[in-house]
Amino acid sequence: MGGHLRQEGRERRSWFQENPAPSLELIAQVGATPASAIIDIGGGASRLVDNLVKQGFEDVTVLDLSEAALEAAKARLGDDAGQVHWIPVDATVWEPLEAYDIWHDRAAFHSSPRTMTVRRMSRALSGP
Ligand SMILES: C[S@@+](CC[C@H](N)C(=O)[O-])C[C@H]1O[C@@H](n2cnc3c(N)ncnc32)[C@H](O)[C@@H]1O
């Protein structure tokens, strides 16, 4: 009953997607392969990571400033969590340590300074 109420509450949030089909389609459209390094910025409670792992993507990173959100995602993924890189950090001050092929963010930057975000994105895609 408590679980049901929590679930219902999450689905009522306008940004929550049980099935992140639009993101998966966009990732396919940009030509992602299983070896593509994909980072989900502000991944939070998103099920994108679950779907990417299920589809065989081998280099998936989820970054979020909320450690609690990352821990919840890890718990949900169970053993599969070990295949994912988890980065608990504020994306607006993050210094990427590697280059990513695909940057994904959805509903993450309602209140972050956009210019800072674009600079980080550019650095994450070109490498440190
Ligand atoms: C509205 S939720 C969206 C979650 C997910 N992207 C989705 O589409 O379901 C916003 C998430 O972005 C994270 N977030 C917000 N600002 C951030 C920042 N500056 N750096 C990293 N994560 C951030 C929050 O912690 C939260 O998990």
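I will try to describe carefully the structure that is included in this document. It should be emphasised that the depicted structure is a prediction, and the values quoted were computed from it without experimental measurement.

Examining the site of the ligand
Then comes step 1: Around the ligand sit 18 residues, and of these Gly42, Asp64, Asp90, Ala91 and Arg106 come closest.
Then comes step 2: Taking Gly42, its main chain carries an N or O atom lying 2.8 Å from a nitrogen atom of the ligand.
Then comes step 3: Residue Arg106 places a side-chain N or O atom 2.7 Å away from an oxygen atom belonging to the ligand.
Then comes step 4: Contact with the protein chains covers 87% of the free accessible surface of the ligand, which is 600 Å².

Things to note about helix α5 (residues 114–126)
Then comes step 1: Taking 1.5 Å per residue, 13 residues should reach 18 Å; α5 reaches 19 Å between its end C-alpha atoms and fits that length.
Then comes step 2: Looking at the buried side of α5, the elements it contacts are β4 (102–105).
Then comes step 3: Positive phi appears at Gly127, one or two residues downstream of α5, with a value of about 100°.

Structural notes on the sheet that holds β4
Then comes step 1: Spatial strand order, β3-β2-β1-β4: four strands in an open sheet with parallel pairing. With partners counted over all chains shown, the strands left at the sheet margins are β3 (84–88) and β4, one partner each. In this sheet, neighbouring strand axes are inclined to one another by 20° on average, regardless of whether the strands run parallel or antiparallel.
Then comes step 2: Where strand β2 (residues 59–64) lies against β3, five bridges are found, and the strand directions are parallel. Bridge pairing in β3 links Val60 to Val84.
Then comes step 3: Sheet strands touched by helix α4 (residues 67–77): β2 and β3. Its angle to β3, the strand with the most contacts, is close to 160°.

What counts, and where the lines are drawn
- Numbers given to residues run from 1 along each chain, matching the order in which its sequence is written.
- Reporting of local features is limited, given that this is a predicted model, to residues whose pLDDT is at least 70; pairs of side-chain atoms are given and counted only at 80 or more, and all residues count toward the totals for whole chains, interfaces and linings.
- Note that water and hydrogens are dropped before the side-chain values are worked out from all heavy atoms of the structure.
- The rule for a residue being near a molecule or strand is that one of its heavy atoms must lie within 4 Å of it.
- Counting of polar contacts relies on pairs of N or O atoms within 3.5 Å, with two restrictions inside protein: one atom must be capable of donating a hydrogen and the other of accepting it, and residues adjacent in sequence are counted only when both atoms are side-chain atoms.
- Shrake-Rupley sampling with a 1.4 Å probe provides the accessible areas, and residues are treated as covered by the protein chains on show and by no other component.
- Put simply, DSSP H or I for four residues or longer makes a helix, DSSP E for two residues or longer makes a strand, and each gets a number counted from the N terminus.
- Multiplying one less than the number of residues by 1.5 Å gives the expected span of a helix.
- Note on contacts: a residue pair qualifies if any of its non-hydrogen atoms lie within 4.5 Å across the two residues.
- A pair of strands counts as paired when DSSP detects no fewer than two bridges linking them.
- Note on method: axes are straight lines fitted to C-alpha atoms, helices fitted across the in-contact stretch only, with angles between N-to-C directions ranging 0 to 180 degrees.

The values reported here are purely geometric and, on their own, carry no functional implication.
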